[in-house]
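Structural overview
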Amino acid sequence: MFGRLFLVVATFALIHAAYSTYEHLSRLKALNRPEGTLPLNAVYESVFALILGILGAALNAPTLKDITWAGEMKKRTIDEMDTRLGFANYNTRARHLLYPNPKS
(Lines give C-alpha, C1' and ligand atoms only; values in the text may rest on other atoms or scores of the structure.)
Protein backbone atom coordinates (compact mmCIF):
# COMPACT_ATOMS: atom_id res chain seq x y z
CA MET A 1 0.00 0.00 0.00
CA PHE A 2 2.73 2.44 0.96
CA GLY A 3 4.78 1.39 -2.06
CA ARG A 4 2.16 2.51 -4.55
CA LEU A 5 1.54 5.71 -2.62
CA PHE A 6 5.27 6.50 -2.66
CA LEU A 7 5.42 5.80 -6.40
CA VAL A 8 2.49 8.13 -7.12
CA VAL A 9 3.95 10.90 -4.96
CA ALA A 10 7.38 10.43 -6.59
CA THR A 11 5.83 10.64 -10.06
CA PHE A 12 4.00 13.87 -9.27
CA ALA A 13 7.11 15.33 -7.60
CA LEU A 14 9.22 14.53 -10.65
CA ILE A 15 6.64 16.02 -13.01
CA HIS A 16 6.46 19.15 -10.86
CA ALA A 17 10.27 19.44 -10.81
CA ALA A 18 10.37 19.12 -14.60
CA TYR A 19 7.67 21.77 -14.98
CA SER A 20 9.50 24.11 -12.56
CA THR A 21 12.70 23.66 -14.54
CA TYR A 22 10.88 24.36 -17.80
CA GLU A 23 9.35 27.53 -16.35
CA HIS A 24 12.71 28.70 -15.03
CA LEU A 25 14.42 28.12 -18.38
CA SER A 26 11.56 29.88 -20.21
CA ARG A 27 11.95 32.87 -17.92
CA LEU A 28 15.71 32.96 -18.55
CA LYS A 29 15.11 32.77 -22.29
CA ALA A 30 12.60 35.66 -22.10
CA LEU A 31 15.22 37.75 -20.29
CA ASN A 32 17.83 36.93 -23.00
CA ARG A 33 20.00 35.07 -20.47
CA PRO A 34 20.06 31.50 -21.79
CA GLU A 35 22.93 30.53 -19.50
CA GLY A 36 22.06 30.01 -15.90
CA THR A 37 21.93 27.41 -13.22
CA LEU A 38 18.87 25.44 -12.31
CA PRO A 39 17.08 26.48 -9.16
CA LEU A 40 18.10 24.45 -6.15
CA ASN A 41 14.53 23.66 -5.16
CA ALA A 42 13.99 21.85 -8.50
CA VAL A 43 17.21 19.88 -7.98
CA TYR A 44 16.23 18.96 -4.43
CA GLU A 45 12.75 18.00 -5.56
CA SER A 46 14.18 15.76 -8.29
CA VAL A 47 16.51 14.02 -5.84
CA PHE A 48 13.63 13.61 -3.37
CA ALA A 49 11.45 12.12 -6.13
CA LEU A 50 14.25 9.71 -7.08
CA ILE A 51 14.71 8.50 -3.51
CA LEU A 52 10.97 8.23 -2.95
CA GLY A 53 10.57 6.33 -6.24
CA ILE A 54 13.30 3.84 -5.34
CA LEU A 55 11.75 3.31 -1.92
CA GLY A 56 8.29 2.89 -3.45
CA ALA A 57 9.55 0.39 -6.02
CA ALA A 58 11.30 -1.61 -3.30
CA LEU A 59 8.17 -1.68 -1.13
CA ASN A 60 5.92 -2.52 -4.09
CA ALA A 61 8.04 -5.47 -5.25
CA PRO A 62 6.71 -8.99 -4.63
CA THR A 63 8.39 -11.27 -2.11
CA LEU A 64 11.49 -13.10 -3.27
CA LYS A 65 11.21 -16.73 -4.30
CA ASP A 66 13.43 -19.51 -3.03
CA ILE A 67 15.73 -20.49 -5.91
CA THR A 68 17.96 -22.97 -4.10
CA TRP A 69 18.09 -26.67 -4.91
CA ALA A 70 16.38 -27.51 -1.62
CA GLY A 71 13.56 -25.09 -2.41
CA GLU A 72 13.12 -26.63 -5.85
CA MET A 73 13.03 -30.16 -4.45
CA LYS A 74 10.24 -29.15 -2.04
CA LYS A 75 7.98 -28.57 -5.07
CA ARG A 76 9.00 -31.63 -7.13
CA THR A 77 9.35 -35.35 -6.65
CA ILE A 78 12.36 -37.44 -7.51
CA ASP A 79 10.41 -39.01 -10.38
CA GLU A 80 10.05 -35.61 -12.04
CA MET A 81 13.72 -34.82 -11.63
CA ASP A 82 15.22 -38.19 -12.66
CA THR A 83 13.39 -38.87 -15.93
CA ARG A 84 16.37 -39.98 -17.99
CA LEU A 85 16.72 -43.36 -19.68
CA GLY A 86 17.74 -46.29 -17.55
CA PHE A 87 20.33 -47.46 -20.10
CA ALA A 88 22.16 -45.29 -22.59
CA ASN A 89 22.98 -46.88 -25.93
CA TYR A 90 26.23 -45.59 -27.37
CA ASN A 91 26.30 -47.86 -30.42
CA THR A 92 26.00 -45.76 -33.49
CA ARG A 93 25.87 -46.29 -37.20
CA ALA A 94 29.26 -44.67 -37.64
CA ARG A 95 31.06 -47.96 -37.99
CA HIS A 96 28.89 -48.78 -40.99
CA LEU A 97 29.68 -45.42 -42.56
CA LEU A 98 33.40 -45.50 -41.84
CA TYR A 99 33.99 -49.20 -42.49
CA PRO A 100 31.56 -50.32 -45.17
CA ASN A 101 30.80 -53.96 -45.57
CA PRO A 102 33.30 -55.41 -48.05
CA LYS A 103 30.65 -57.68 -49.61
CA SER A 104 28.72 -54.81 -51.14
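In case you missed it, the structure is sitting above this.
Scope of this entry: the structure provided in the associated data block.

Reading guide: rules and limits
Residues numbered from 1 in each chain as written. Predicted model: local features only at pLDDT ≥ 70, side-chain atom pairs only at ≥ 80, totals over all residues. Heavy atoms only, no water. Helix = DSSP H or I, 4+ residues; strand = E, 2+ residues; numbered from the N terminus. Buried < 20%, exposed > 50% of the residue type's maximum accessible area, 1.4 Å probe, protein only. Contact = heavy atoms within 4.5 Å. Areas by Shrake-Rupley, 256 points an atom, 1.4 Å probe, with all protein chains shown as cover. Expected span 1.5 Å × (residues − 1). Arc of directions from axis to C-beta.

1. Some words on the overall build of the protein chain
- Secondary structure assignment for the protein chain yields five helices and zero strands.
- Element order for the protein chain, N to C, with α for helix and β for strand: α-α-α-α-α.
- Taken across its 104 residues, the protein chain has 13% of its residues classed as buried.
- Put simply, of all contacts in the protein chain between residues at least 6 apart along the chain, 71% involve residues at least 24 apart.
- Of the roughly 9,800 Å² that the protein chain leaves accessible, carbon and sulfur atoms contribute 64%.

2. Structural notes on helix α2 (residues 40-60)
- Spanning 21 residues, α2 covers 30 Å between terminal C-alpha atoms, matching the ideal 30 Å at 1.5 Å per step.
- Listed in full, the buried residues belonging to α2 are A42, E45, A49, L52, G53 and G56. The buried residues of α2 occupy one face: seen down the axis, they fall within an arc of 110 degrees. Within α2, the exposed residues directed more than 90 degrees away from the buried face are L40, Y44, L50, I51, I54 and A58.
- Where α2 is buried, its residues meet α1 (2-30).

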